[in-house]
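# Geometric and topological summary
Given next are the chains, with one letter for each unit.
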Amino acid sequence: MPVRKSTAASTRRVERATGALATTAVRRMGEELAWFRDLAPEHRSWVGLVAQSGIAAFVQWQRAAAGTQLTGPVFGVAPRALARVITLQQTVELVQLVVDVVEEAVPDLAAAGEEAALREGVLRFSREVAFAAAQVYASAAEERGAWHARSRALLVEALVRGGDPDLLEARAAAMAWAPPAHLTVAVGAAPLGEPEQVLDEVELRCRAAGLESLAGLHGDRLLLLLGADAEPALSAPLVALFADGPVVVGPTVSTLAQVAGSARAALSGLRVVAAWRGAPCPVAADELLPERALDGDEEGRVALVDRVYRPLAADAAALETVSCYLDEGRSVEATARTTFLHANTVRYRLRKAAQLTGHDPLDARAAFVLQIALTLGRLANAPEA
């Protein structure tokens, strides 16, 4: 271990000159560092205190036993405040400037025969200060990371649960997260890994794809809030963010208060997607309305009745033709015989039903949707026993 050379006389001179050296350093900061001039007066005063504290710490360090390490007293004046106001790079510039001021004063401050030792002490001390600064900023970054993780978890939980719109806006503002104009919720199996690292990686990949996002965990599922319409969100890159398995995307909404509904739809869809053997991946929650309704999802049942049954029921001829077509095993010819209509008339009415509902009876999946919608609609309109 190297032995620190004695600079007792020089150290006393440095101690007496602490105030003058700090004043010179702050003046030089104002002259040479443009960003320092832009700081608020309160923040500049903090920096002045830190500069003076640093010179005082150098005096103590010089008097300490050889091998003593600096533990951070330089930044004890206002470490949290400084870490929020100036960057690590700017702190390094400040340290370098203070060291330059002290080093330039060495010829005037050093006692006879101690100039070289004092200069060496200044340089070694600057290295210790650099390590102390790194510790301060590393600690601040760790605290910010923990705060961000908790804030993100609380916001995602509040969005899924729903509630006071003002509270949701406040939680989003606290994270400096500005909700996009269109929001979509996607859910699927969460990738393996440390939770916060997984969520950070997902959000990073979304930003790289040009998508605003907020990721959270709901049990073992990844819940991803995307600033996008549902249709563009239904893409292969989205699936790659999740672990193997189905991915369900909720309907697009325009406010944070509506996110809960999109999340409920997506989670409900994820619960029942296995019932649709040919389901695409990802799949829209609205494409799973029959399965959701059969699983007891009241919102899915109401949506299926309102969006499919009621529009069809508004056209009695189309409703009767579709009902007969489904009862006759989806045979146009059998439907024509049963209804005493020409086959082309049956086809015309089936096309009309497709226009009214968005589901083509000639398609097997769409026919299933219509079958469930008609059943639920009849039950909704049935007289009470």
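Not measured: the values here are computed from a predicted model.

To continue, consider helix 14 (residues 298-313). Of all the bends in helix 14, the greatest, near 30°, is centred on Val305. Among the residues of helix 14, those classed as buried are Gly300, Ala303, Leu304, Val305, Val308, Tyr309 and Leu312. Tucked into the core, helix 14 has its buried residues touching helix 13 (289-294), helix 15 (316-327), helix 17 (343-357) and helix 18 (364-381). Its side-chain oxygen at 3.0 Å from the backbone nitrogen of Glu299, Asp297 defines the N-terminal cap of helix 14.

Most of strand 3 (residues 221-226) sits inside the fold, with 5 of its 6 residues counted as buried. Note that strand 1 (residues 184-189) and strand 3 share 6 bridges and pair antiparallel. Looking at strand 3, one finds that Val187 is bridged to Leu223. In terms of strand pairing, strand 2 (residues 213-218) meets strand 3 through 6 bridges, oriented antiparallel. Residue pairing in the sheet places Ser213 in a bridge with Leu226 of strand 3.

Spatial strand order, 2-3-1-4-5: 5 strands in an open sheet with mixed pairing. Where the open sheet ends on each side, the last strands, each with one partner, are strand 2 and strand 5 (283-284). Where helix 9 (residues 195-208) meets the sheet, its contacts fall on strand 2 and strand 3, and the angle it forms with strand 2 comes to roughly 150°. Its contacts with the sheet place helix 12 (residues 259-272) against strand 1, strand 2, strand 3 and strand 4 (247-249), and it is angled at close to 30° to strand 1.

Parameters at a glance
- Residues numbered from 1 in each chain as written.
- Predicted model: local features only at pLDDT ≥ 70, side-chain atom pairs only at ≥ 80, totals over all residues.
- Heavy atoms only, no water.
- Bend = angle between axes of the 7 residues up to and from the residue.
- Helix = DSSP H or I, 4+ residues; strand = E, 2+ residues; numbered from the N terminus.
- Buried < 20%, exposed > 50% of the residue type's maximum accessible area, 1.4 Å probe, protein only.
- Contact = heavy atoms within 4.5 Å.
- Polar contact = N/O pair within 3.5 Å; in protein donor to acceptor, adjacent residues only side chain to side chain.
- Pairing = 2+ DSSP bridges.
- Axes fitted to C-alpha atoms, helices over the stretch in contact; angles between N-to-C directions.

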